[in-house]
Amino acid sequence: KHELAPQYDVVIDQVEGTSRIIKGEKGIFKGTMCVQLYAQRNSILPVPGTYGLQAAVSSRAKGALDISKPIEENAKNIAQAYGCKISELRFAFINRDRSQKDISTLLGLGVPNDNITRYEAGSIEQTMRLAYESSNKNDNNLVLWSVNGTPEGIISAAIVKFLRGDFMMAINPE
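Residues numbered from 1 in each chain as written. Predicted model: local features only at pLDDT ≥ 70, side-chain atom pairs only at ≥ 80, totals over all residues. Heavy atoms only, no water.

**Quick look at the sheet that holds strand β4 (residues 90-94)**
The condition is simple: Only strands that DSSP links by at least two bridges are regarded as paired with each other. Secondary structure elements follow DSSP: runs of H or I no shorter than four residues count as helices, runs of E no shorter than two count as strands, and numbering proceeds from the N terminus. Note on definitions: angles span 0 to 180 degrees between N-to-C directions of axes, and those axes are lines fitted to C-alpha atoms, for helices only across the stretch in contact. Two residues form a contact once any of their heavy atoms are found within 4.5 Å.
Taken in spatial order, the 5 strands of this open sheet run β5-β4-β6-β3-β7, and their pairing is mixed. On the outer flanks of this sheet lie β5 (116-119) and β7 (166-172), each paired with one strand and no other. On average, each strand axis in the sheet is inclined to that of its neighbour by 15°, with strand direction left out of account. With 7 bridges joining them, strand β3 (residues 51-57) and β7 adopt antiparallel strand pairing. Its bridge partner lying in β7, V57 is registered against D166. Contacts from helix α2 (residues 71-82) reach β3, β4 and β6 (142-149), with the element oriented near 145° to β6. The strands touched by helix α3 (residues 100-108) are β4, β5 and β6; relative to β5, the strand with the most contacts, the crossing angle is about 165°.

The following block contains the structure:
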């Protein structure tokens, strides 16, 4: 260890989209990616091996997100911030049983099934989708709301923070 060497916290998602490799699938980035986040020493909460509810919106809806509240209240507040109807919101969920309750709630609120993306893998990819659309001022009322791995959540939080959006995560070990 060299005394003058900078020290960082590092979060690595060795293979974003692991299940795609196993299944031989390709996503919007034509496959998978390795993602690394470097941050100031002791600035990242160590949460390996857990899951958490993660939610993100672009800067247009900053301040409207509160995952301590039910998804119905969040949908109402986020729609108001985006300046649209709840039925015009678009949501992205990981396609797992744990997402079905929230998806059913949104369908009951009038969010069309076509406005709900169910992805098999790639939570960071979905965050990058929000980032890409936001950077082009075309976020199309997108809301990320899903239970994903916390290392991926930490990386996603950094992406959303860089874009001045809102990201929240509640850690829930499974």
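Read on for the rest.
**Structural notes on helix α5 (residues 150-162)**
Along an α-helix, residues three or four apart share an orientation, since each turn contains 3.6 residues. Rule in force here: Given a helix with a known number of residues, its expected span is that number minus one, times 1.5 Å. Buried means the residue's accessible area, taken with a 1.4 Å probe over protein chains only, is under 20% of the maximum for its type, while exposed means over 50%, and partly exposed covers the values in between.
In this model α5 runs 18 Å from its N-terminal to its C-terminal C-alpha over 13 residues, within 8% of the 18 Å that 1.5 Å per residue would give. By the burial criterion, the buried members of α5 are T150, E152, G153, I154, I155, S156 and V160. Positive backbone phi, at 65°, marks R164, one or two positions downstream of α5.

**A short note on the nonpolar core**
The test is simple: We call a set of buried residues a nonpolar core when its members are Ala, Val, Leu, Ile, Met, Phe, Trp, Tyr or Cys and they connect through side-chain atoms within 4.5 Å of each other.
Among the nonpolar cores identified, the biggest contains 23 residues, and I78, Y82, L89, F91, F93, L106 and W145 are the most heavily contacted of them. Residue assignment for this core shows that the elements contributing at least two residues are β3, α2, β4, α3 and β6. Looking at which element gives the most residues to this core, the answer is α2, with 5 residues. Look past the residues within four positions of F93 in its chain and what remains in contact with it is I71, S99, D102, I103, L106, I116, T117, R118, Y119, W145 and S146. Listed in part, the 9 residues of the second largest apolar core include A56, I94, V160 and F167.

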